[in-house]
Structures are given as C-alpha cells and as structure tokens.
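A structural walkthrough
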Amino acid sequence: MPESDRSHRPLPANRAVFGTTDTDSVHDEPGGGDLHPHPVPLWMLGGVFATLVVLTVLTVAATYVDLGRLNVWVALAIAAVKGTLVAEIFMHLHWDRPFHRIALLAAVAFVALFIGIAMLDRVTYLPDLIPGHAPGVQQ
Amino acid sequence: MASVAANPRYEGKHHLAHHFDTRRQQFDSHKLAMWLFLVTEVLMFGGLFCAYTIYRASHPEIFLFAHTLLDKNLGAVNTIVLLFSSFTMAWAVRAAMLGERRRLSALLAITLLCGFGFLGIKAVEYNHKWQHGFLWGQHFAYAELQDYLAGHGTDAATGPAPDPAADAHAAAVMAELDLAAAVTVAHGHDPALIPRNVHIFFGIYFVMTGLHGIHVLAGMIVIGWLLRRSLRGDFGTRNYTAVDLGGLYWHLVDLIWIFLFPLLYLIH
C-alpha cells in the first residue's frame, strides 16, 4: 500500500478502545510506536497476593456459617472479587487497552446468558424431576 | 522515551516482523490475539459450568453429600499454591520488562515448580478417589462407599476428617427435601444418608478438574519453554511479549481454579 493512501485514511473514532491501527501507531503514539512497558510495582503484586490469600481463608471460613441459599452466592461473590483482582492487576487489564477488558467481560456475559437460558429451560421439565432421583446408570 | 534508548538495562533479542509497522503495533496485535484466545477458553469452561449449575440446581443432595468425599484442606492448599504461582508469574513479567535476566529465570523456575506442586497434590487427591472407586458413571463403586463410610472415623490418614456438624447439616437438608430414596446406613458413630447417583458429581468433578489440570500442564510446558528462552537471553526491555502472553494464560488457569475451588469443595 502506498504511503500516501495510508496517511490520508481517516482515523477510526473508536481508536482508543480498539488499540493502535497501522495509521496512528507511527504518527500519534508517544515514542514513535516503540514499546512502552509498564511494570506493575512489586508492592502492588505482593498486596494482591496477600489479599487473595485472605479471601481464600474467608471463603473457606464462610462455609462454616449457615446462610441457607445465600452460601453459594457469598462464595461466588468472593470468587468474583478474587477474579477481578487477578484480571485487573496480574493480567494487567487496569492499564491495558479497554478492548481486552471488554472481550473478557463479554465472554463472562455470554457464559451467564448461556447458563441463565439453560436454567430457564429447566423450568419446563421441573415438574418431572423427582427429588433424589437423578438420571444415571443403574446402581 | 529517550530514556529507553539510553537505558543500560538488558534489551533482549528483538526484531520487528516485516508485516508490522512498529514494535508497538506488533505487541498490540499479539496481545489482542492472546485475549481473543482466552475468550474462547472462558467459553469452553462455560459449558462445563452450565452442566454443573443445572445438575446442582436439580439435585442439590448429590452435591451436598458427594463434596464431603473431597479433601477440603488439600483443595485449599492447592488454591494457595496456584495463587502464589500467579504472583511469581506476574513478578516475572515485571522482571522481563525491567530487563532483570537472572530474576526472570528464577521467577519462571519458581512458577514451574508451583505447577508441579499443584499437579502433585492433585495426583494425591485423584489417587484417593481412584483407590475408593469414587469415579464417574458406572465406575463408581457404591458398595465400597458404604465400607468407606463405615470405616470413616478410623481412616483419617487417607480421607477427609469426619465432620459431625456437616453430617447433621446434610441430614437436615435432605430431610427438608423429603428424600424418599435416601438410604440410611450406619457409618461409625454417625448415621449418613447416601443419595442416589452420587457418580454424577464425580463425573462433573473429574471433567472440570481434569480439563483444568490439562490446562495447568499446558501452562507448565509454556513456562518451561519461556524458562529455556530466558536462560538463553531472549527476553529484555524490548522483548517481553512471550513472557507477558504466557503469563496471561497462566493467570487464566488460576482464574478458573478460583471459581472451581468453592464450587466443588466448599458446598454448603
């Protein structure tokens, strides 16, 4: 592609979200398109690890408290906090291009949609379920 | 970024592929591709989480009973091992970006060792299930389950410690569900209720932890490869892409375990 074609192409409006394109990387990026590493401070990595350990202890401790149906939601909420810490700090999403976070959240959202609709479908055959009689091989 | 050019830190062996304009563009393309791959991984595990949700919602008694056959302590220790390996991996990425060659190799080696530790503990757990026939489908040994429960209190070295409070809770929940099919057997000092089709839990347990274990193994191969390249002096301030992306994969494996652990081991 001739250089003139490239420089006259309009920049996409969503450039900030989707990352560099071949047009803007050379001319607009600070450092002329060179790498600009962002090492996460060590205290932050250590702090995240310590928090993850504390939350692991907390989630084990939470199983000894009877909250009825809420127990599984408490466990999932703690797991979600841990997952967010891993994704944002360890996986660097906090400083990354937003598209990476959007991709991950979209994946999680589609899994939730998948499970949600499968659970809705369960209502159809719910009357046929006999408690304690899961389908399976003969014992 | 004049400081980068003047930086005495180790730059690593780097080159710009001919089809990229700049290093930045090259790095961004690689990272975007990695994230899209991770998205497919999340979706693949999503199918298993869906199966888990449906079965647990329909037959809570199976999960409530069967999870007591897992070793909560080993599961918790494995969680800490994996979290620690994620920490050392994140630190390794930092070391690569800063051009700290020796530290990078050391941290990758520690991460790899943690991978071995995780799989080792997992092997102890699988072996215990195998010995007692707590397996999937028709391989589940229902006869041995009764023997196992009968000898529960005396066999603390190989199995999870008896937990009267959990037993009482399980019995209460099952009474609440009015389980006509529940079988009462004498197990040491405590009566236990064994629901039908416990093998369904173990089918889900082995597929989910097994697929996760395969991912750990794959991650260890990647980290071993990174370690070899690191020792060769490939990575530095201008070439850390592979370390960064390998790290993303390892963190995803950690992320999935963060959800697997409470869902399989900590059922209440």
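Structure: see above.
Residues numbered from 1 in each chain as written. Chains lettered and ligands numbered in written order. Predicted model: local features only at pLDDT ≥ 70, side-chain atom pairs only at ≥ 80, totals over all residues. Heavy atoms only, no water.

A few words now on the overall build of chain A. Along chain A, the regular secondary structure elements total six helices and zero strands. Reading the helices (α) and strands (β) of chain A from amino to carboxyl end gives α-α-α-α-α-α. Residues classed as buried in chain A amount to 35% of the 139 residues present. A separation of at least 24 residues holds for 49% of the contacts in chain A among residues at least 6 apart in sequence. Of the roughly 8,100 Å² that chain A leaves accessible, carbon and sulfur atoms contribute 70%. (Helix = DSSP H or I, 4+ residues; strand = E, 2+ residues; numbered from the N terminus. Buried < 20%, exposed > 50% of the residue type's maximum accessible area, 1.4 Å probe, protein only. Contact = heavy atoms within 4.5 Å. Areas by Shrake-Rupley, 256 points an atom, 1.4 Å probe, with all protein chains shown as cover.)

So, on to a nonpolar patch on the surface. The grouping of Phe110, Leu113, Ile117 and Leu120 of chain A together with Leu43 of chain B at the surface amounts to a nonpolar patch, some 530 Å² of accessible area in total. Among the elements that make up the nonpolar patch, the one with the highest residue count is helix H6 (residues 98-125) of chain A (four residues). For Leu113 of chain A, the location among the structural elements is in helix H6. Classification of Leu113 of chain A by relative accessible area gives partly exposed; the value is 48%. (Patch = residues over 30% accessible without salt bridge, like charges linked within 9 Å, V, L, I, M, F, W, Y side chains within 5 Å. Salt bridge = Lys/Arg side-chain N within 4 Å of Asp/Glu carboxyl O.)

Turning our eyes to something else, we now look at the environment of Ser58 of chain B. If you trace the backbone, Ser58 of chain B turns up in helix H2 (residues 23-58). Since its relative accessible area comes to 12%, Ser58 of chain B is described here as buried. Discounting chain neighbours no more than four positions away, the residues touching Ser58 of chain B are Arg122 and Leu129 of chain A.

Our focus in this paragraph is the nonpolar core. In this structure, Phe90 and Met91 of chain A together with Met89, Phe201 and Phe202 of chain B are the most contacted members of the largest nonpolar core, which totals 96 residues. In terms of residue count, helix H9 (residues 241-265) of chain B provides more of this core than any other element does, 17 residues in total. Viewed by domain, this core spans two of them, domain 2 (39-91) and domain 3 (95-124) of chain A, each represented by three or more residues. What Phe202 of chain B contacts, discounting residues up to four positions off in sequence, is Ala66, Leu69, Leu70, Lys129, Phe134, Leu135, Trp136 and Phe140 of chain B. (Core = buried A, V, L, I, M, F, W, Y, C linked by side-chain atoms within 4.5 Å. Domains from an automatic or database assignment.)

Residues and elements named next belong to chain B. One can find Asp234 in the loop between helix H8 (199-231) and H9. In this structure the side chain of Asp234 is engaged in a polar contact, spanning 2.7 Å, whose partner is the side chain of Arg229. In this structure the side chain of Asp234 is engaged in a polar contact, spanning 2.7 Å, whose partner is the side chain of Arg232. If sequence neighbours within four positions are ignored, Asp234 has contacts with Gly12, Lys13, Arg229 and Asn239. (Polar contact = N/O pair within 3.5 Å; in protein donor to acceptor, adjacent residues only side chain to side chain.)

This brings us to the interface of chain B and chain A. Each side of the interface is counted separately: chain B has 68 residues, and chain A has 70 residues. Both faces combined, the contact of chain B with chain A buries some 6,100 Å², and carbon together with sulfur accounts for 72% of it. Broken down residue by residue, the surface that chain B buries against chain A is led by Arg24, Trp35 and His268 of chain B, which jointly contribute 12%. With a shortest N-O distance of 3.4 Å, Lys31 of chain B and Asp96 of chain A are connected by a salt bridge. Considering each element in turn, the side of chain B that touches chain A owes the most residues, 22 residues, to H2 of chain B. (Buried area = accessible area lost by both parts, 1.4 Å probe.)

Now for the packing of aromatic side chains. Residues and elements named next belong to chain B. Taken as a whole and assessed by the stated rule, the structure comprises 23 aromatic pairs over all chains. For the ring pair Phe202 and Tyr205, a centre distance of 6.1 Å and an interplane angle of 75° mean the geometry is edge-to-face. Placement of both Phe202 and Tyr205 in helix H8 is noted, with a separation of three residues, approximately one turn of the helix. Note on accessibility: Phe202 and Tyr205 belong to one class, buried. Its end group placed over the ring of Tyr10, Arg101 keeps NZ or CZ at 4.4 Å from the ring centre. (Phe/Tyr/Trp six-rings, centres within 6.5 Å; stacked < 30°, edge-to-face > 60°. Lys NZ or Arg CZ within 6 Å of the ring centre and 35° of its normal.)

Looking now at the pattern of salt bridges. Inspection of the entire model under this criterion finds eleven salt bridges over all chains. Among the ionic pairs, Arg101 of chain A bridges to Glu88 of chain A, the shortest N-O distance being 2.8 Å. Highlighted residues: Arg101 of chain A in helix H6 and Glu88 of chain A in helix H5 (residues 70-90), separated in sequence by 13 residues. Among the salt bridges present, the one from Arg24 of chain B reaches Asp28 of chain B, with a minimum N-O distance of 3.6 Å. Here Arg24 of chain B and its partner Asp28 of chain B are both found in helix H2, four residues apart, which amounts to about one turn of the helix. Take Arg24 of chain B and Asp28 of chain B: they sit in the same class, and that class is buried. Overlapping salt bridges bring together Lys13, Arg229, Arg232 and Asp234 of chain B as one network.

Moving on, we come to unusual backbone geometry. One non-glycine residue, His92 of chain A, lies in positive phi territory at about 70°. Within the secondary structure layout, His92 of chain A lies in the loop between H5 and H6.

In this model, H5 of chain A (21 residues) spans 29 Å end to end at C-alpha, consistent with the 30 Å of a helix rising 1.5 Å per residue. The complete set of buried residues in H5 of chain A reads Asn71, Ala75, Ile78, Ala79, Lys82, Gly83, Val86, Ala87, Glu88, Ile89 and Phe90 of chain A. Among the structural elements, helix H4 (42-62) and H6 of chain A together with helix H4 (72-98) and H9 of chain B are those in contact with the buried residues of H5 of chain A. Following H5 of chain A by one or two positions, His92 of chain A has its phi on the positive side, about 70°. (Expected span 1.5 Å × (residues − 1).)

Right, let's talk about the packing of H2 of chain B against H8 of chain B for a bit. Residues and elements named next belong to chain B. In the contact formed by H2 and H8, the axes pass within 10 Å of each other and the chain directions differ by 165°. By the criterion of interaxial angle, the relationship of H2 to H8 is roughly antiparallel. Of the two possible hands of crossing, H2 and H8 adopt the one that is left-handed. Together, Glu41, Met44, Phe45, Leu48, Phe49, Ala51, Tyr52 and Tyr55 of H2 and Ile200, Ile204, Val207, Met208, Leu211, His212 and His215 of H8 make up the contact between the two elements. When grouped by side-chain class, the residues that make up the contact of H2 with H8 number twelve nonpolar, two polar and one charged. (Axes fitted to C-alpha atoms, helices over the stretch in contact; angles between N-to-C directions. Parallel < 35°, antiparallel > 145°, perpendicular 65-115°, else oblique. Left-handed = near helix turned anticlockwise from the far one by under 90°. Nonpolar A, V, L, I, M, F, W, Y, C, P; charged D, E, K, R; others polar.)

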